[in-house]
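# Topology and contacts: notes
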Amino acid sequence: MSSAPHLSPPGLSVEELSWGHPLPGSGWRQLFSGFSLSCPPGQFLVVIGSNGSGKSTLLNLVAGTLRHSAGRIHLGGRPLHRLRDHQRARWIGRVMQNPLEGTCPGLTVAENLRLAERRNRPARFAAGFLISAFGGIHPNGGDRRRYRELLGELGLPLADRLDEPVGQLSGGQRQTLSLVMATLGSPDLLLLDEHTAALDPRAEATVMALTDRLVRQLGTTALMVTHSLEQALRHGDRLVMLHEGGLIGDWNAAEREYLEPAALRAMYGAAIVAPQSSSAADGSSAS
Ligand SMILES: Nc1ncnc2c1ncn2[C@@H]1O[C@H](COP(=O)(O)OP(=O)(O)OP(=O)(O)O)[C@@H](O)[C@H]1O
């Protein structure tokens, strides 16, 4: 995956992570304290947990939009916490919950794809400067052919809508485009933060089918946060449950087969009222 020396196991490795936040008024809440999670390369990990359990915060810490106070985050041996934002953007693709966040509504589908390609391009100062200075977001004929082929191969009707402003697309179509944009540079890590939560069931099914396909096709390690128990039981290779910044459940695909939605719902309920047991935080199976 990379020529960088592997100082820790490849894939995503989160070790002894600590992060807290001030409470309204006064006081401090230590949400993560010595949190560890190891994700082998290519693993599609689904993260569930009750509101406020720390799912999005975990993704933000991995993405570097939040800074942890202690611990280490490595991707394929690269220390993510020491990288600059533009370097991290080359290796991490991200799709947020709100379809309005991942795309530029005033630009066309093709221009959005061009922007994503530029963002994911290895940083070379001179080339980057020239592209920025001379209207690099305008796709040329070759770009447009590639985009049409890519979207066509993925079976997406967007292939015929390259010149439409993205603001005219439905939420589902925008999320589809966000997903394609996030994976354009074949990132080593894909972060999906409730990326289907704002979609109707049909659009959700389309986006989840595309998610499965892209993750498998690219072999990327992926972390998906969801509140949908149906998704949690159907998608990904592994399911973990968070509560109060700790792991209280960890099931591989075989173990997950035996989980019932009702049992998971009951755990959600238990998670809300019961404090996390210390033995659950070591990432061991809780099935
Ligand atoms: N930047 C921040 N500053 C202060 N507090 C924060 C910050 N980010 C998250 N929090 C707090 O950390 C806790 C966990 O938030 P987080 O968004 O990770 O939960 P979640 O599990 O994703 O919940 P939900 O399912 O509701 O999205 C919450 O209490 C939230 O208010």
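Everything in this summary refers to the structure shown in the same document. (Residues numbered from 1 in each chain as written. Predicted model: local features only at pLDDT ≥ 70, side-chain atom pairs only at ≥ 80, totals over all residues. Heavy atoms only, no water.)

### Observations concerning the overall build of the chain
Helix and strand counts for the chain come out as ten helices and ten strands. Expressed as a percentage of the 287 residues in the chain, the buried residues total 48%. Long-range contacts, defined as pairs at least 24 residues apart, comprise 71% of the intrachain contacts of the chain with a sequence gap of at least 6. Carbon and sulfur atoms provide 54% of the accessible area of the chain, an area that totals close to 13,500 Å². (Helix = DSSP H or I, 4+ residues; strand = E, 2+ residues; numbered from the N terminus. Buried < 20%, exposed > 50% of the residue type's maximum accessible area, 1.4 Å probe, protein only. Contact = heavy atoms within 4.5 Å. Areas by Shrake-Rupley, 256 points an atom, 1.4 Å probe, with all protein chains shown as cover.)

### Notes on helix H1 (residues 55-63)
Of all the nine residues making up H1, eight are buried; the element is thus mostly covered by neighbouring parts of the structure. Along H1, the residues that are buried comprise Lys55, Thr57, Leu58, Leu59, Asn60, Leu61, Val62 and Ala63. Gly64 lies just past H1 and shows a positive phi near 85°.

### Re the packing of aromatic side chains
Per the stated rule, a full pass over the model turns up one aromatic pair. When the centroid spacing of 5.1 Å and the interplanar angle of 70° are considered together, the rings of Phe32 and Phe35 count as edge-to-face. Across this residue pair, the class does not change: Phe32 and Phe35 are buried. Between Arg78 and the ring centre of Trp91, over which it is positioned, the NZ or CZ distance is 3.7 Å. Here the guanidinium or amino end of Arg90 rests over the ring plane of Trp91, the centre of that ring lying 5.1 Å away. (Phe/Tyr/Trp six-rings, centres within 6.5 Å; stacked < 30°, edge-to-face > 60°. Lys NZ or Arg CZ within 6 Å of the ring centre and 35° of its normal.)

### A look at the side chain of Thr108
The residue Thr108 is located in the loop between strand S6 (92-95) and helix H3 (109-120) in this model. Once residues within four sequence positions are removed from consideration, Thr108 is found in contact with Leu162, Asp163, Glu164, Pro165 and Val166.

### A word on helix H7 (residues 201-218)
Counted at 1.5 Å a residue, the expected span for H7 with its 18 residues is 26 Å, and the 25 Å between its end C-alpha atoms agrees. Residues of H7 that are buried sit in contact with strand S3 (44-49), helix H6 (171-183), strand S7 (189-193), strand S8 (221-225) and helix H8 (229-234). Following H7 by one or two positions, Gly219 adopts a phi angle in the positive range, close to 65°. (Expected span 1.5 Å × (residues − 1).)

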